[in-house]
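Chain and residue survey
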Amino acid sequence: QVQLVESGGGLVQPGGSLRLSCAASGSNVSINKMGWYRQAPGKQRELVATITSRSRTNYADSVKGRFTISRDNAKNTVYLQMNSLKPEDTAVYYCYADNYFANYWGQGTQVTVSS
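Described below are features of the structure shown in this document. Bear in mind the structure is a predicted one, so any value in this text is a computation, not a measurement. (Residues numbered from 1 in each chain as written. Predicted model: local features only at pLDDT ≥ 70, side-chain atom pairs only at ≥ 80, totals over all residues. Heavy atoms only, no water.)

1. Description of the environment of Leu4
Within the secondary structure, Leu4 sits in strand E1 (residues 3–7). A C-alpha to C-alpha distance of 19 Å links Leu4 and Thr68, two positions 64 residues apart in sequence. Those residues within four positions of Leu4 in sequence are excluded, and the remaining contacts are Cys22, Ala23, Ala24, Cys95, Tyr96, Ala97, Tyr104, Trp105, Gly106 and Gln107. (Helix = DSSP H or I, 4+ residues; strand = E, 2+ residues; numbered from the N terminus. Contact = heavy atoms within 4.5 Å.)

2. Digging into the pairing of strand E8 (residues 77–82)
The pairing of strand E3 (residues 18–25) with E8 spans 6 bridges and is antiparallel. When the sheet's bridge partners are listed, Ser21 is paired in E8 with Tyr79. Bridge count between strand E7 (residues 67–72) and E8: 6 bridges; the pairing is antiparallel. Among the inter-strand pairings, Ile69 is bridged to a residue of E8, identified as Leu80. What sits between E7 and E8 in their antiparallel hairpin is a turn of 4 residues, with Asn76 showing a positive phi close to 50 degrees. (Pairing = 2+ DSSP bridges.)

3. What about the pairing of strand E11 (residues 109–113)?
Where burial is concerned, the two faces of E11 differ: the one with Thr109, Val111 and Val113 is buried and the one with Gln110 and Thr112 is not. Sheet topology places strand E9 (residues 91–98) next to E11; 3 bridges connect them, and they run antiparallel. Bridge pairing in E11 places Ala91 opposite Val111. (Buried < 20%, exposed > 50% of the residue type's maximum accessible area, 1.4 Å probe, protein only.)

4. Here's the deal with the nonpolar core
In terms of nonpolar packing, the biggest core is built from 30 residues, with Trp36, Leu80, Met82 and Tyr93 touching the most fellow members. Elements that contribute at least two residues to this core include exactly E3, strand E4 (34–39), strand E5 (46–51), E7, E8, E9 and E11. Once residues within four sequence positions are removed from consideration, Tyr93 is found in contact with Glu6, Leu20, Trp36, Tyr37, Arg38, Val48, Phe67, Leu80, Met82, Gly108, Thr109 and Val111. (Core = buried A, V, L, I, M, F, W, Y, C linked by side-chain atoms within 4.5 Å.)

Read these as spatial facts, not as claims about activity.
If you want it as structure tokens, here you go:
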């Protein structure tokens, strides 16, 4: 069993920045892909960004050029640097990870972009 714990969410003004962190623990099985998904009120959960153990990345079109995903494999930790935030980015952001055996989800961290 893998536990994912997110941190770094909060309230920020449009144009501002936040950095989210997610640490995986509780397993000695190597993590492959990690990433971030988000869910706004009344909407489906959607992909934000993912990164493999080889640091190959994938981004949603809506965040390309504004968000950057990175990871520290030694710590099984993934980060999401969010710049030029827009009100449309307001959502609960969920950390994701997988390995050979299963997919794992964090409990989510709230990001609110508002003036």
